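Inside the fold
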Amino acid sequence: MRIMFNEARSNKIKSVFLVFVFILVIGVLGAIIGIFYGNLYFGLIIAVIFSLIYSMIGFYSGGSMILTMSGAKPVTKKEYPYLYHTIEGLAISAGIPTPQAYVIEDSALNAFATGRDPKNASITVTTGLLKAMSRQELEGVVAHEMSHIKNYDIRFMMLTAVLVGIVVLLSDFLLRSFLWGGHGGRRDSKRGGQMALILIAIGFILAILAPIIGELVKLAISRKREFMADASGAILTRYPPGLAGALRKISKDPDPLVDKANKATAHLFISTPFRKKTGFVTNLFLTHPPIEERIKRLEAM
Amino acid sequence: MDPLTITGIIVAVIVLFIIFLYNSLISLRNQVKNSWVQIDVQLKRRNDLIPNLIETVRGYMKHEKSVLENVTKARSAVLSAGTVEEKGKASNMLSQTLKSLFAVSENYPQLKANENFLQLQEELTGTENKIAYSRQHYNDMVMVFNTKIETFPNNIFANTLKFNRETVFEATAEEKRNVKVQF
């Protein structure tokens, strides 16, 4: 109980911290774009305003956008009593309001949670998962997703996705400006002389590195979070073998591909929605820890 | 610093401590109460489903009168139970009798084909699990509350402020092993 309460609070604090760090990075990128076009403050202000609006939209409509993108449909208690009872039960166990249930018509075994806080959250499962899992296993999966909601992982993950997206956009814009040359303002930059050249060099490096680092941070965070959600999910059901069994079934799924999953939504799913590859570089870019490792930890509980 | 200021500071610190302690205990006790309401809601839901179930099953189970009677009896015991302890015991009784009813129902293939029965079975399984989960949540809350009022230095003040131990909602011996009910 204690641990989970602290997890939610630390996630809220981290979310605020994350926003500040990203505003800083975005500000620097904006300022460099501004210098490149002749006016530092102009670029800075435009970049900050743009990213504020963008992240507000992302924060408030990100959940429904993700649901639409992945082809999830809201379902009623009448259509899926089994899924509904499981979600209701675990919401009671977690002490949070019952999230809305969604279903994806897909034979792949997968599930995800999204939203900005426990009051505005949803849990999505594939029809394949509903068919393949026993009651205990489904409870394990739903408990894992419920922990993402209770611990405010969903908020943190959504913010990360939105902010990394902004950095990628800005860096892309900056790189394009370098490649195509500035308009007019460039000649004026002679005023700054060497200083401007150095700034542009820094900007160039930053523009290339920022999105990669952002992406790596996002993935590292996401992997740690999966272990946490496995553990706190087990606290909710008091039955770790349920989720372990479900993960074993998922790992044997010959077609883990969710048709409508893409890079933007991958880190949300309970197990990676793409084909498995191995190797150091692919490991760096994994959104999820290896499933065998997760099963091992659950069995040791 | 003169002794008066020092005494003043010490008194202020103690008063502040008591205020914070009091507020956090109130908030915890309200959470305990609220999670108790959750159990009650689920117990009521189960009690509402049972007459329907009995009605559906009666036509098929001609030779198992005692099984049905046990369920009805246990159901009214839950209704009349007052304290947390009594409710826990009665609720566990009812879970047991329902379990044997569903076990017996395995012998009646026609019953297993009845759409209404299957729906009720799913409803009751879901409700049983929700009872288990709400009890688990309640017991967690009680544990946090009890630990808070019993640890030092909170225990010095908790008694005077009239905060007493809350009772946990006992699980059946069987459920302790198995956590989940599956009919």
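The structure displayed is predicted, hence computed values, not measured ones.

Scanning chain A from N- to C-terminus turns up 11 helices and four strands. Taken across its 301 residues, chain A has 44% of its residues classed as buried. A fraction of 72% describes how many contacts in chain A between residues 6 or more apart in sequence connect residues 24 or more apart.

Quick look at the overall build of chain B now. When helices and strands are tallied, chain B shows seven helices and zero strands. Put simply, chain B runs from its N terminus to its C terminus through helices and strands in the order α-α-α-α-α-α-α. Here chain B has a C-alpha radius of gyration of 24 Å; the compact-globule value for 183 residues is 16 Å, and the former is much larger. Taken along its principal axes, the extent of the C-alpha atoms in chain B is 90 × 25 × 25 Å. Residues counted as buried form 28% of the 183 residues belonging to chain B. Here the contacts in chain B between residues at least 6 apart in sequence split such that 77% fall between residues at least 24 apart.

Residues and elements named next belong to chain A. Leu29, Leu90, Val141 and Val167 are the most contacted members of the largest nonpolar core, which has 90 residues in total. With 12 residues, helix H6 (residues 153–180) is the single largest residue contributor to this core. Setting aside anything within four residues of it in sequence, one finds leucine 29 in contact with Ala47, Leu170, Ser171, Leu174, Leu206 and Ala210.

Attention now goes to the interface of chain A and chain B. Every contact between the two is made by 14 residues of chain A and, on the other side, 15 residues of chain B. Among the elements of the structure, helix H3 (81–94) and helix H5 (135–150) of chain A are those that each provide at least two residues to the side of chain A that touches chain B. The element that contributes the greatest number of residues to the side of chain A that touches chain B is H3 of chain A, accounting for eight residues. Tallied by class, residues from the side of chain A that touches chain B come to six nonpolar, five polar and three charged.

All names here are of chain A. The four strands lie next to each other as E1-E2-E4-E3, forming an open sheet whose pairing is mixed. Both outer strands of the open sheet, strand E1 (73–74) and strand E3 (111–117), are each paired with one neighbouring strand and no more. Of the strands in this sheet, E3 and strand E4 (120–126) touch H5, which is tilted by about 20° from E3.

It is worth spelling out helix H11 (residues 291–299) of chain A at this point. Residue and element names in this part refer to chain A. Those residues of H11 not exposed but buried are Arg294, Ile295 and Leu298. Down the axis, H11 shows its buried residues gathered within 100° of arc, on one side only. In this structure, H11 carries Glu292, Glu293 and Lys296 as exposed residues pointing more than 90 degrees from its buried face.

Our focus in this paragraph is the domain arrangement of chain A. Residue and element names in this part refer to chain A. Taken as a whole, chain A is organised into domain 1 (2–67 + 155–210) and domain 2 (69–153 + 220–299). The partner domain 2 presents 24 residues to the 16 residues of domain 1 that form the contact. Listing elements by their share of the side of domain 1 that touches domain 2, those giving two or more residues are helix H1 (2–36), helix H2 (40–69) and H6. Of the residues forming the side of domain 1 that touches domain 2, the biggest block, six residues, is contributed by H6.

A separate point is unusual backbone geometry. Look at the link from phenylalanine 152 of chain B to proline 153 of chain B: it is a cis peptide, with omega at 0°. Looking at the element boundaries, proline 153 of chain B is found in the loop between helix H5 (115–150) and helix H6 (154–158). Despite not being glycine, arginine 238 of chain A shows a phi value in the positive range, around 55°. The residue arginine 238 of chain A is located in the loop between helix H8 (194–237) and helix H9 (240–251) in this model.

Turning to the environment of isoleucine 205 of chain A, a few remarks are in order. Residue and element names in this part refer to chain A. Note on placement: isoleucine 205 falls in helix H8. When the 10 C-beta atoms within 10 Å are taken as the criterion, isoleucine 205 is described as exposed. Linking isoleucine 205 and serine 251, residues 46 residues apart in sequence, is a C-alpha distance of 39 Å.

It is worth spelling out the packing of H3 of chain A against H5 of chain A at this point. Residue and element names in this part refer to chain A. Running from N to C, H3 and H5 cross one another at 50°; their axes reach a closest spacing of 9 Å. Between H3 and H5, the interaxial angle falls into the category oblique. Considering the relative orientation of H3 and H5, their crossing is right-handed. Contact residues: H3 offers Thr86, Ile87, Leu90, Ala91 and Ala94, while H5 offers Leu138, Glu139, Val142, Ala143, Met146 and Lys150.

Time to look at the environment of isoleucine 166 of chain A. Residue and element names in this part refer to chain A. Mapped onto the fold, isoleucine 166 is located in helix H6. With 22 C-beta atoms counted inside 10 Å, the residue isoleucine 166 sits in the buried group. Taking the C-alpha atoms as reference, isoleucine 166 lies 34 Å from glutamate 292; in sequence the two are 126 residues apart.

Let's shift gears to the pairing of E3 of chain A. Residue and element names in this part refer to chain A. With five of seven residues buried, E3 lies mostly within the body of the structure. Relative to E4, E3 runs antiparallel, the two being bridged by six bridges. Bridged to alanine 111 within E4 is valine 125. Taken together, E3 and the strand that follows it, E4, pair antiparallel across an intervening segment of two residues.

So, about the confidence of the model for chain A. Segments scoring low in pLDDT should not have their predicted coordinates read at a detailed level. Counting all residues, the mean pLDDT for chain A is 79, and 82% of those residues have values of 70 or more. Mean pLDDT values over the elements of chain A span from 48, in helix H7 (residues 185–188) of chain A, up to 94, in strand E2 (residues 100–104) of chain A.

This brings us to the packing of helix H1 (residues 3–58) of chain B against H5 of chain B. Residue and element names in this part refer to chain B. Relative orientation of the contacting elements H1 and H5 amounts to 160°, with a least axis distance of 8 Å. Viewed along their axes, H1 and H5 adopt a mutual orientation that is roughly antiparallel. As for how H1 packs across H5, the hand of that crossing is left-handed. Tallied by class, the residues present in the contact of H1 with H5 amount to 19 nonpolar, 10 polar and seven charged.

Quick notes on the rules
Residues numbered from 1 in each chain as written. Chains lettered and ligands numbered in written order. Predicted model: local features only at pLDDT ≥ 70, side-chain atom pairs only at ≥ 80, totals over all residues. Helix = DSSP H or I, 4+ residues; strand = E, 2+ residues; numbered from the N terminus. Buried ≥ 20, exposed ≤ 12 C-beta atoms within 10 Å, placed from the backbone. Contact = placed C-beta atoms within 7 Å. Rg over C-alpha atoms; globule rule 2.2 N^0.38 Å. Core = buried A, V, L, I, M, F, W, Y, C linked by C-beta atoms within 7 Å. Nonpolar A, V, L, I, M, F, W, Y, C, P; charged D, E, K, R; others polar. Pairing = 2+ DSSP bridges. Axes fitted to C-alpha atoms, helices over the stretch in contact; angles between N-to-C directions. Arc of directions from axis to C-beta. Domains from an automatic or database assignment. Parallel < 35°, antiparallel > 145°, perpendicular 65-115°, else oblique. Left-handed = near helix turned anticlockwise from the far one by under 90°. pLDDT = per-residue confidence, 0-100.

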